[in-house]
Amino acid sequence: MTTLRAFTCDDLFRFNNINLDPLTETYGIPFYLQYLAHWPEYFIVAEAPGGELMGYSAATLILRTFAVMGKAEGSVAREEWHGHVTALSVAPEFRRLGLAAKLMELLEEISEKKGGFFVDLFVRVSNQVAVNMYKQLGYSVYRTVLEYYSASSGEPDEDAYDMRKALSRDTEKKSVIPLPHPVRPEDIE
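Residues numbered from 1 in each chain as written. Predicted model: local features only at pLDDT ≥ 70, side-chain atom pairs only at ≥ 80, totals over all residues. Heavy atoms only, no water.

For the protein chain, an unreviewed UniProt entry supplies the name N-alpha-acetyltransferase 20 and the organism Malurus elegans. The heading Subunit (unreviewed entry) in the UniProt record of the protein chain holds the text "Component of the N-terminal acetyltransferase B (NatB) complex which is composed of NAA20 and NAA25." Per UniProt, the protein chain carries the Sequence similarities (unreviewed entry) text "Belongs to the acetyltransferase family. ARD1 subfamily." (UniProt positions renumbered as here; feature names shortened; annotations may be inferred.)

> Let's hear about the pattern of salt bridges: which residues, and what values?
Summed over the entire model, instances satisfying the criterion amount to 12 salt bridges. A salt bridge links Glu147 to Arg184, with the nearest nitrogen and oxygen atoms 2.6 Å apart. Within this pair, whereas Glu147 is found in strand β7 (residues 140-149), its partner Arg184 is found in the segment after β8 (158-166), the two being separated by 37 residues in sequence. Among the salt bridges present, the one from Arg164 reaches Asp162, with a minimum N-O distance of 4.0 Å. Each member of the pair, Arg164 as well as Asp162, carries the same accessibility label: buried. (Salt bridge = Lys/Arg side-chain N within 4 Å of Asp/Glu carboxyl O. Helix = DSSP H or I, 4+ residues; strand = E, 2+ residues; numbered from the N terminus. Buried < 20%, exposed > 50% of the residue type's maximum accessible area, 1.4 Å probe, protein only.)

> Any details on the confidence of the model for the protein chain? Residues and values, ideally.
In this model, the protein chain carries an average pLDDT of 83, and 88% of its residues clear a pLDDT of 70 or more. In the predicted structure, residues 61-68 sits below a pLDDT of 50 and forms 70 contacts with residues beyond four places in sequence or in another chain. (pLDDT = per-residue confidence, 0-100. Contact = heavy atoms within 4.5 Å.)

> So what's going on with helix α4 (residues 128-136)? Residues and values would help.
Listed in full, the buried residues belonging to α4 are Ala130, Val131 and Tyr134. Buried residues of α4, viewed axially, fall in a sector of 100°; they line one side. Away from its buried face by more than 90 degrees, α4 exposes Val129 and Gln136. Its buried side turned inward, α4 meets β5 (82-90), α3 (99-113), β6 (118-124) and β8. Trailing α4 by a residue or two, Gly138 shows a phi angle of about 100°, which is positive. (Arc of directions from axis to C-beta.)

Written as structure tokens, this is what we have:
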């Protein structure tokens, strides 16, 4: 039976099977520790019965920024208080079991309890598998962010979709009305 639990410092030494996927954004140890220290409730891991890590998510709740690895951020007065999914990754051998959907559901519940208006995330435009999964989970494309992802080996930078899902606090669903034009990373607040 799969166990969903809080991510711990020890997991940093055990999640390479998840992070080595080419579509997974990876970060330095200090980045993961910052999330673990500031938003531990948003940092969740799925563990298989044998103890191997199957996937993780991180998010944040944001006060005027964007935030499973995630966080909370944004402005309440401007109806921008929201949960932001920073990372969601499932090891290849554990995909198509519904783990990503379950991890997203947990992050949405946390954001709902913290009074967020919506949950958002960024995804590569080329990652149609992920885009379609998020759409199935109720997310829609809010805007395109030009050249959001840095490319490697001389290739051009890649655009991202900023996808959002309104929570119950956004009764008029204002947070998910798509912008008519793309933005640049420096235009994101």
